[in-house]
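# Tertiary structure, described
Now for the letters of each chain:
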Amino acid sequence: MRSRYLLLLSLLVLGLTAGLEPLRAEDTPRRQQLLADLRRMLPKSTPWEDWLQRTGELPPDFDTLPGVAELPNPLRFQNGQPVKSRKQWRQRRDELLTLFQHYITGTVPPAPGNVCATAIREHVENGSRIRELTLEFGPARAARLGVELLIPPGKGPFPVFITQDNHRRWALIALSRGYVGCVYAGADSHDDTGAWTKVWPDFDWTKLTRRAWAASRCIDYLETLPEVDRTRIALTGHSRNGKTSLIAAAFDERIGAVISSSSGAGGACTWRLFSETEFGEGIELITRSFPDWLHPRLRFFVGRENKLPIDQHELIACIAPRAVLISTALNDNVESVWAVEQTRRAALPVFKLTGSADNLNLRYRHGHHPTDAEDIESYLDWLDGKFGRSRRRVADPPIFPTYEDWLQASGERINPRQFPKRGLDDLLRAPDGAAVTAATWPQKREEVLDRVRQMLGTPPPRASDPSGDYGAESRPVAVLLGRDSVPARAVKESLSFGNYLAGDLYFPTNVAGTDRKLPAFIWLHPISVSNGYAAGYRRGEQPYLALTRSGYAVFAFDQIGNGNRLEEVRNFYRRYPHWSLLGKTVSDVSAAVDALSANPHIDPAQIYVVGYGTGAFAALHAGALEPRLAGVIAVGGLTPLRLDTASTGTGGVARWSRWLPLVPRLGAFVGEEARIPYDVHELMALVAPRPVLVITPGIDYQSTFEYLRAAVIEARKMFTLLGKPEGLVFQRTDDYNHFSPELVWCLCGVETIH
Ligand code: GTR
């Protein structure tokens, strides 16, 4: 361990580390410009400004860093070479830990080697020994750490359950289960690690990293005790302490098992898949709200998560072959079930390579962020299994179906070669090659619609429903999902619509009791697993509330796989193997139109759909397929499908099909994108002449601006043909990809994009 730290350190000092961006003087003006842009886009963070000032650091020259939208393969060195053996994995692990220190955790000192216990006080309670002590270590033994041990009756050796100060009651449960509980002062409630920055001034480790390093110092001491079984040392912590625990386990191989309890962003959720785009905490929020938790350098990557040379699944991979339990609450805004399942999927190859495929487990609990005694008992059940104390295996299967699950459930094998190659230029050509006219468009339109429907799959029979109270979201569920309160001047009407779905209609108060009919928006949220239509994390007002305040009716519901409908996704493809999740969402939008059209406060001729991220993709499909929608607003994340090849760096059509099988049939066209039967410009044209507003953020790695512009230009030809050239509006924001408060205001007509 110690020698590893020294190795990492010397690599850093010598600047030989692979993958760190080269510093070239000629790039400086560009990097200064990048910083100026970031400063303009990001909300102010004084600690970050201070750090910039102090260090003179500039963002990396992003053009020199490869863009990887999907979770990077941990079994590939920075230089692109594959990791083929366990021995090579050891080298790769060193490389990863060095990169983590650079971008996330800061640098850590070598193990001090001189840990000793002082001020030991011990008493006995019901046969258990309660020992309080102070560890001293480091240069001149200047660093101190308060520790409490809860030692079961008997001689041992006992397995150990280490946790941070505020989880002392967890350690009591561990004691009851025959573990030595070790509680250390590395939490907000009691933190001895803050003073260490002065003891080791040459290291830029962050708060969570110091606390992680503190767990290792506990182990230095524990290893000297005869009561301790040093082969069975576990560490756990919740939330911020869950992040700490993962960092500790990644760096310290003496930790045999780690439970990441709702660790979220900077823990078991990756920056790529739990960013503001997924209504997750993301880099901007976490580095501003908690500026000392993680390295300030991370903030350079806001909106450019694809450029981060590492991601959190690789921190977990560094723990292999040791055991990891990722414990997650289904509706906890701090985390996301889909994100942790992707983390597991991407880290698993390392566990397989190191012969421990069964050691990366998931555990789910219902509800929100807190845990209770049963959760901790079950963490111990899991530990007992991993430490050979019981034969029980505690692990939950994933909830989200994968592309492979769909292949299996549907039995479909699509041969993309049977589909003709198409560009973006066939919109105005009839099947016989003739130019499409306004008169022949209805016929061509049907043909295009058929191709869209074919990809979304076969919908089951559907009948309409005017909506009603029975089945509406109850208040406890609304509280759980963070949408129980409504601002002044707005009212909320919860109702059940369509196939027994819960939706909420928000009105400005001044419409109640009048016969005014309002225009309405149907709000389509992005991937937002924990909280559905209400963003779990965001800066500023919830979009649906801002729209309501500006005078619109807004209808919001959770799309399948999100919020109150998270678990509905689990068996979807077993139930409807030839349909699609996106097809289901489009059908739910139609059901929402049924409900809104029957509502006395709504003008049925003015029902619009507004979507962000995956919601924007869904909104365009809904606009194309549901003629009663009056128009579409689509924000962020769009690239024409046929041009979205591996070279765009967006993640390609795999992100609609393989990461999350929204349209699984698209998955067959990965590598054969030119043969995809329909495309984004056709969806826009299908909405014409009804208005379409496409907004693309200036920094959006899931969207290729030039390609999207080409699609808009093509689609606009149809708007022109139908006499409404102004019906298709394309705007680019001077911002990174998030649904910012400023953007919402702009949609409301309050401010325009600068
Ligand atoms: C939140 C923070 C999360 C999580 C949590 C906690 O405020 O945004 O990342 O760590 O605190 O520690 O309880």
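Residues numbered from 1 in each chain as written. Predicted model: local features only at pLDDT ≥ 70, side-chain atom pairs only at ≥ 80, totals over all residues. Heavy atoms only, no water.

## Details of the overall build of the protein
A tally of regular secondary structure across the protein gives 23 helices and 19 strands. Computed over C-alpha atoms, the radius of gyration of the protein comes to 27 Å, within 12% of the 27 Å expected from 2.2 N^0.38 for 754 residues, which places it in the range of a compact globule. Counting only residues that meet the buried cut, the protein has 61% of its 754 residues in that class. Within the protein, residue pairs in contact and separated by at least 24 positions form 72% of the contacts whose partners lie at least 6 positions apart. Computed over 88 positive and 85 negative side-chain charges, the inter-centroid distance for the protein is 4 Å. (Helix = DSSP H or I, 4+ residues; strand = E, 2+ residues; numbered from the N terminus. Rg over C-alpha atoms; globule rule 2.2 N^0.38 Å. Buried < 20%, exposed > 50% of the residue type's maximum accessible area, 1.4 Å probe, protein only. Contact = heavy atoms within 4.5 Å. Lys, Arg positive; Asp, Glu negative; His and termini not counted. Charge placed at Lys NZ, Arg CZ, Asp CG, Glu CD.)

## Description of the sheet that holds strand 15 (residues 553-557)
What links the strands of a sheet is backbone hydrogen bonding, and the strands pair in either a parallel or an antiparallel sense. The strand order across the open sheet formed by eight strands is 12-13-15-14-16-17-18-19, and the pairing between neighbours is mixed. Across the chains shown, the open sheet's two edge strands, defined by having one partner strand only, are strand 12 (490-497) and strand 19 (728-736). Neighbour to neighbour, the strand axes of the sheet diverge by 20 degrees on average, direction disregarded. Note: strand 17 (residues 631-635) against strand 18 (residues 692-699), four bridges, orientation parallel. Paired with Val 635 across the bridge in strand 18 is Ile 695. (Pairing = 2+ DSSP bridges. Axes fitted to C-alpha atoms, helices over the stretch in contact; angles between N-to-C directions.)

## What about the sheet that holds strand 2 (residues 128-137)?
An order of 1-2-3-5-4-8-9-10-11 is seen for the nine strands of this open sheet, with the pairing classed as mixed. In the strand order of this sheet, the two ends are held by strand 1 (116-125) and strand 11 (360-365), each with one partner. Here the strands of the sheet are splayed against their neighbours by 20 degrees on average, with no regard to which way each runs. Pairing of strand 4 (residues 158-164) with strand 5 (residues 180-184), which is carried by five bridges, proceeds in the parallel orientation. Considered in strand 5, the bridge of Gln 164 is made with Tyr 184. Sheet strands in contact with helix 8 (residues 240-251) are strand 4, strand 5, strand 8 (228-238), strand 9 (257-261) and strand 10 (323-329), and its direction is about 145 degrees off that of strand 8.

## Comments concerning the site of the ligand
Surrounding the ligand, one finds Ser 239, Arg 240, Lys 243, Glu 281, Phe 290, Trp 293, Val 334, His 369 and Tyr 537. Ser 239 places a side-chain nitrogen or oxygen 2.8 Å from an oxygen atom of the ligand. In this structure, Tyr 537 approaches the ligand through a side-chain N or O atom, which is 2.6 Å from an oxygen atom. Contact with the protein chains removes 82% of the 310 Å² of surface that the ligand exposes when unbound. For the shell around the ligand, the class distribution of residues is four nonpolar, two polar and three charged. (Near = heavy atom within 4 Å. Polar contact = N/O pair within 3.5 Å; in protein donor to acceptor, adjacent residues only side chain to side chain. Areas by Shrake-Rupley, 256 points an atom, 1.4 Å probe, with all protein chains shown as cover. Nonpolar A, V, L, I, M, F, W, Y, C, P; charged D, E, K, R; others polar.)

## Brief notes about the packing of aromatic side chains
Under the definition given, this model contains 36 aromatic pairs. Between Phe 62 and Phe 301, the aromatic rings sit 5.5 Å apart at their centres with planes inclined by 85 degrees, giving edge-to-face as the arrangement. With Phe 62 in the loop between helix 3 (46-55) and helix 4 (86-105) and Phe 301 in the loop between helix 9 (282-289) and helix 10 (312-317), the pair connects residues that are 239 residues apart, well separated along the chain. An identical accessibility class is assigned to Phe 62 and Phe 301; each is buried. Look at Phe 419 and Phe 669: their rings are 5.3 Å apart centre to centre, the planes differ by 75 degrees, and that puts the pair in the edge-to-face class. Here the residue Phe 419 occupies a position in the loop between helix 13 (403-410) and helix 14 (441-456), and Phe 669 occupies one in the loop between helix 20 (654-657) and helix 21 (680-687), the gap between them amounting to 250 residues. The class of Phe 419 is partly exposed, set by a relative accessible area of 22%. Taking the relative accessible area as the measure of exposure, Phe 669 reaches 0% and is therefore buried. (Phe/Tyr/Trp six-rings, centres within 6.5 Å; stacked < 30°, edge-to-face > 60°.)

## Quick look at the pattern of salt bridges
Scanning all chains against the criterion turns up 62 salt bridges. As a salt-bridge pair, Asp 311 and Arg 272 come within 3.1 Å of each other at their nearest N and O atoms. Taken together, the positions of Asp 311 in the loop between helix 9 and helix 10 and Arg 272 in the loop between strand 9 and helix 9 put the pair 39 residues apart, joining distant regions of the chain. An identical accessibility class is assigned to Asp 311 and Arg 272; each is buried. The partner of Glu 714 in a salt bridge is Lys 717, and the shortest N-O contact between them spans 2.9 Å. One end of the pair, Glu 714, and the other, Lys 717, are both in helix 22 (residues 705-721), three residues apart, so they sit about a helical turn from each other. (Salt bridge = Lys/Arg side-chain N within 4 Å of Asp/Glu carboxyl O.)

## Some details on the packing of helix 18 (residues 581-597) against helix 19 (residues 614-625)
Interhelical geometry of helix 18 versus helix 19 gives an angle of 60 degrees and a closest axis separation of 9 Å. As the angle between them shows, helix 18 and helix 19 are arranged oblique. In the packing of helix 18 onto helix 19, the handedness of the crossing is right-handed. Contact residues: helix 18 offers Leu 582, Thr 585, Val 586 and Val 589, while helix 19 offers Phe 617, Ala 618, His 621, Ala 622 and Leu 625. (Parallel < 35°, antiparallel > 145°, perpendicular 65-115°, else oblique. Left-handed = near helix turned anticlockwise from the far one by under 90°.)

## Focus on the side chain of Thr 548
Assignment of secondary structure puts Thr 548 in helix 16 (residues 543-549). A residue is classified by how much of its surface remains accessible, and Thr 548, at 0% relative accessible area, is buried. When sequence neighbours within four positions are dropped, the list of residues in contact with Thr 548 reads Ala 490, Tyr 506, Phe 507, Pro 508 and Val 554.

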